[in-house]
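# Breakdown of the fold
Listed below, chain by chain, are the residues.
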Amino acid sequence: ARTQIDWELVMSSTKTKKPAFDERRARKLTDSKTKTGANGPVVYWMNRDQRFADNWALLRAAEHAQRLNTSLCIVFALAESYCGFATARHRCFMLEGLKQVADTAAKNNVGFAYLTDGDPSATVPNFVKTHGVQHVVCDMNPMREGRAWRKALADAKMCPLEEVDAHNIVPVWTASNKVEVGARTLRAKIHRLLPELLTEFPSAEEATANLPSPTVGTDPINWDAAIARARERGSAVPELAWAKPGEVAAKAVLNDFLANRLRLYEKRNDPAAPKALSGLSPWLRYGHISAQRAALAIGEIRKKVPKEAADGFIEEMVVRRELADNFVFYTPENYDQLSGQKYDWARETLQLHAGDPRPHVYTREKLEAGKTHDELWNAAQLELVHGGKMHGFMRMYWAKKILEWTASPEEALATGIYLNDKYSLDGRDPNGYVGVMWSIVGVHDQGWKEREVFGKIRYMNYDGCKRKFSIPAYVSRVNNL
Ligand code: FAD
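A brief report on the enclosed structure follows. (Residues numbered from 1 in each chain as written. Predicted model: local features only at pLDDT ≥ 70, side-chain atom pairs only at ≥ 80, totals over all residues. Heavy atoms only, no water.)

### What to know about the environment of D325
Put simply, the rule reads: Counting from the N terminus, the helices are DSSP H or I runs at least four residues long and the strands are E runs at least two residues long. The buried label goes to any residue with under 20% of its type's maximum accessible area, the exposed label to any with over 50%, and the partly exposed label to all in between, with areas taken from a 1.4 Å probe on protein chains only. Residues count as neighbours in contact if any of their non-hydrogen atoms are within 4.5 Å of one another. Polar contacts, as used here, are pairs of N or O atoms within 3.5 Å; protein pairs need one atom able to donate a hydrogen and one able to accept it. Residues neighboring in sequence count only if both atoms are side-chain atoms.
Mapping D325 onto the fold places it in helix α13 (residues 307–330). For D325, a relative accessible area of 2% translates into the label buried. Between the C-alpha atom of D325 and that of M140, which follows or precedes it by 185 residues, the distance is 9.9 Å. Leaving out residues up to four positions away in the same chain, D325 has contacts with R48, M140, P142, N168, V172 and P430. Looking at D325, its side chain comes within polar contact range of the side chain of R48, at 2.8 Å.

### Points about empty space enclosed by the protein
Where we set the bar: With a 1 Å grid spanning the protein atoms alone, the term cavity applies to any set of points in which a 1.4 Å probe fits but cannot get out, the term pocket to an open set with protein on both sides within 12 Å along at least five of seven lines, and the term lining residue to any residue with an atom within 4 Å of a point. Grid points are joined across faces, edges and corners, and a volume is the space filled by probe spheres set on the points. Residues are grouped as follows: Ala, Val, Leu, Ile, Met, Phe, Trp, Tyr, Cys and Pro are nonpolar; Asp, Glu, Lys and Arg are charged; every other residue, Gly included, is polar.
What the rule picks out here adds up to five cavities of 30 Å³ or more. Of the volumes computed, that of the largest cavity is approximately 290 Å³. The wall of the largest cavity is formed by 22 residues, among which Q50, Y82, M94, R285 and Y286 lie closest to the centre. Listing elements by their share of the lining of the largest cavity, those giving two or more residues are β3 (72–77) and α3 (88–107). Element by element, the count of residues in the lining of the largest cavity is highest for α3, at three residues. Split into classes, the residues belonging to the lining of the largest cavity amount to 12 nonpolar, five polar and five charged. The calculated volume of the second largest cavity comes to roughly 50 Å³.

### With respect to the site of the ligand
Threshold: When at least one non-hydrogen atom of a residue lies within 4 Å of a molecule or strand, that residue is treated as near it.
What surrounds the ligand is a group of 25 residues, the closest being Y265, S278, G279, N420 and D426. Contact between the ligand and G279: an oxygen atom at 2.7 Å from a main-chain N or O atom of the residue. Separating a nitrogen atom of the ligand from a backbone N or O atom of D426 is a distance of 2.9 Å. Those elements giving two or more residues to the shell around the ligand turn out to be α11 (281–285), α13, α17 (392–405) and α19 (430–441). Taken together, the residues of the shell around the ligand break down into nine nonpolar, 10 polar and six charged.

### Examining the packing of α3 against helix α9 (residues 223–233)
Worth spelling out the cut-off: Convention adopted: a line fitted to C-alpha atoms gives each axis, helices being fitted over their contacting stretch, and angles between N-to-C directions are expressed from 0 to 180 degrees. Oblique is the label for any angle not covered by the other classes, which are roughly parallel (under 35 degrees), roughly antiparallel (over 145) and roughly perpendicular (65 to 115).
In contact at an axis separation of 8 Å, α3 and α9 are set at 170° when each is read in the N-to-C sense. Classified by the angle between their axes, α3 and α9 sit roughly antiparallel to one another. Listed contacts from α9 to A88, R91, C92, L95, E96, L98, K99 and A102 of α3 are W223, D224, A226, I227, A230, R231 and R233.

### A word on the sheet that holds strand β5 (residues 135–139)
Test applied: Note on pairing: DSSP must find at least two bridges between two strands before they are called paired.
The strand order β1-β6-β5-β2-β3-β4 describes an open sheet built from six strands, whose pairing is mixed. Whereas interior strands pair on both sides, the edge strands pair on one side only; in this sheet they are β1 (26–28) and β4 (111–115). Strand after strand, the sheet turns through a mean of 25° between neighbouring axes, direction not considered. One ladder, built from five bridges, connects β3 with β4; its direction is parallel. Bridging from a neighbouring strand, F76 pairs with Y114 of β4.

### Examining the layout of surface pockets
Volume-wise, the second largest pocket comes out at about 710 Å³. Mapped onto the lining of the second largest pocket, the elements with two or more residues apiece are α10 (247–261), α16 (375–387) and α21 (471–479). No other element matches α16, which puts five residues into the lining of the second largest pocket. The residue makeup of the lining of the second largest pocket, split by class, is 12 nonpolar, six polar and eight charged.

### Remarks on the nonpolar core
Note the following rule: Buried Ala, Val, Leu, Ile, Met, Phe, Trp, Tyr and Cys residues form a nonpolar core when they are joined through side-chain atoms within 4.5 Å.
Grouped together as the largest cluster of nonpolar side chains are 87 residues, with contacts concentrated most on L72, I74, F112 and L262. Excluding residues that lie within four positions of it along the chain, L72 makes contacts with V42, Y44, L58, A61, A62, A65, V110, G111, T208, L211 and P214. Among the nonpolar cores identified, the runner-up in size contains 71 residues, and C138, A324, L338 and Y362 belong to it.

### As for α9
Three- or four-residue spacings in an α-helix give side chains the same orientation, since the helix completes a turn every 3.6 residues. Filter applied, for reference: Think of the arc as the fan of directions from the helix axis to the C-beta atoms.
Residues of α9 that are buried: W223, A226, I227 and A230. Projection of α9 onto a plane perpendicular to its axis shows the buried side chains occupying an angular sector of 95°, all on one side. Among the exposed residues of α9, those oriented more than 90 degrees off its buried face are D224, R229 and E232. Next to the buried residues of α9 lie α3 and β4.

### What to know about the packing of aromatic side chains
Using the following cut-off: Think of it this way: a Phe, Tyr or Trp ring, Trp meaning its six-membered ring, pairs with another when their centres are within 6.5 Å, and the plane angle makes it stacked under 30 degrees, edge-to-face over 60, tilted otherwise. Only when the NZ of Lys or the CZ of Arg is both within 6 Å of the ring centre and within 35 degrees of the ring normal is a charge said to sit over the ring.
Counting across every chain of the model gives 21 aromatic pairs. Between Y82 and W149, the ring centres sit 6.0 Å apart and the planes meet at 40°, which makes this aromatic pair tilted. Here W149 lies in helix α5 (residues 144–156) and Y82 lies in the loop between β3 and α3, a separation of 67 residues in the sequence. Here Y82 and W149 have matching classes, each one buried. With 5.5 Å between their ring centres and 55° between their planes, F85 and Y418 make a pair best called tilted. Taken together, the residues span a long stretch of sequence, with F85 in the loop between β3 and α3 and Y418 in helix α18 (residues 409–423) at a distance of 333 residues. Aromatic ring contacts, followed pair by pair, group F93, W242, W283 and Y286 into a single cluster. Sitting above the plane of the F329 ring, R147 keeps its charged end 5.2 Å from the centroid.

Printed below as a string of structure tokens:
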């Protein structure tokens, strides 16, 4: 009952409101002393939300360009490596998506500049200076890399910088002003604000129509060369044939899920039947699709699908996902470390049991190669390495066993994050950090019956999985990947 959505209330206010930018989605990162007076373009500094349609940051930037009667340019600044890796799997997916954004931008009289020559904390301020940019709007990325880049630009005080949360339906700073205890405490806040903030988007084409023609971001970009380079450089973790990047492909995944699979969503905890899940996480992660668009689409078809399925999906895609952003946003220094767990019980119980004998101890190499004694765990690891996306239920089991089979909780946490970030197409995202922190450090969870190694951290075991789903069916599915 707690997770039930009052769809009639949400959709009636959605339907009656004229699509418009809600001021709560934006916040200023520079003060009023910041210089103005340049006469160049307005820039949307795209980072996390790599799409043209349904993008509040782009819409906000277009509003400023209209107001200043100047052109609009989207800027994407590439970081040499992100969270430690430059794999072909992640980078080619991203570049193919950006290529599509650049094409759509060109058709809509919007520039697109792709900055590669250095760290974004230098390349973006340089761009702003060189082109006399009047105003920058960036999207919200709570991870430390994104924060550092934005801070560099804000500190340079060259022009007003505004951040827009284009990833969450309820902006992370509006949903709550503190790190939340868990889904239980954030859910009520999100549900209360959905009728106000789950609104239709203005059209990006209309918002950019009639803008002056771009003066920067008009040079052709050799995407094919950039993609070929990324493919070669990151070949240790190759691309995935099943994951077609970009906005068009993302819409197709959503439409297929809505038409054929959402009604199966109650089976989402069966790793042998992966079709019950939406499979949307890679596209949500890169912002190729907006979660708000997906939620609106669910609202449209709510009467044709079981309520538990529609509400269950919103619980995951909105409440749990926005909870992950809440955690990372309000735990900026250590969202990926043991100390990021603010509750003593969890840190203390892990320390108390740090010296417990482990039933098995594996090195990172053994784990990475999927060579443990447990066929189920090995299958999950291989699903991650070769499939590029582990089933959601298996992710919990997988991470908890890493805690059980490594020498210390610190090592378990670092290994879980390392493997997830390296291989998961949806990795290097708050959901990944929080997923691993939940499994290993008890973030957003409560204490359970105390036992060896885990202490009071929630335990999972092979027999529990055996009771829930067919392990041979899952293992055989992975072997056929
Ligand atoms: P669906 O069930 O169809 O869910 C739809 C969307 O809801 C997902 O795409 C995701 O955006 C969101 N969602 C679903 N479950 C969660 C959750 N528990 N927490 C936050 N958001 C959720 N998710 C990632 O996106 N990237 C990761 O790197 C990642 N790593 C994880 C690691 C561990 C150890 C654990 C326990 C969970 C992790 N998750 C991660 C959360 C979740 O498992 C995935 O989002 C989900 O499996 C993605 O598949 P889907 O899109 O088919 O899921």
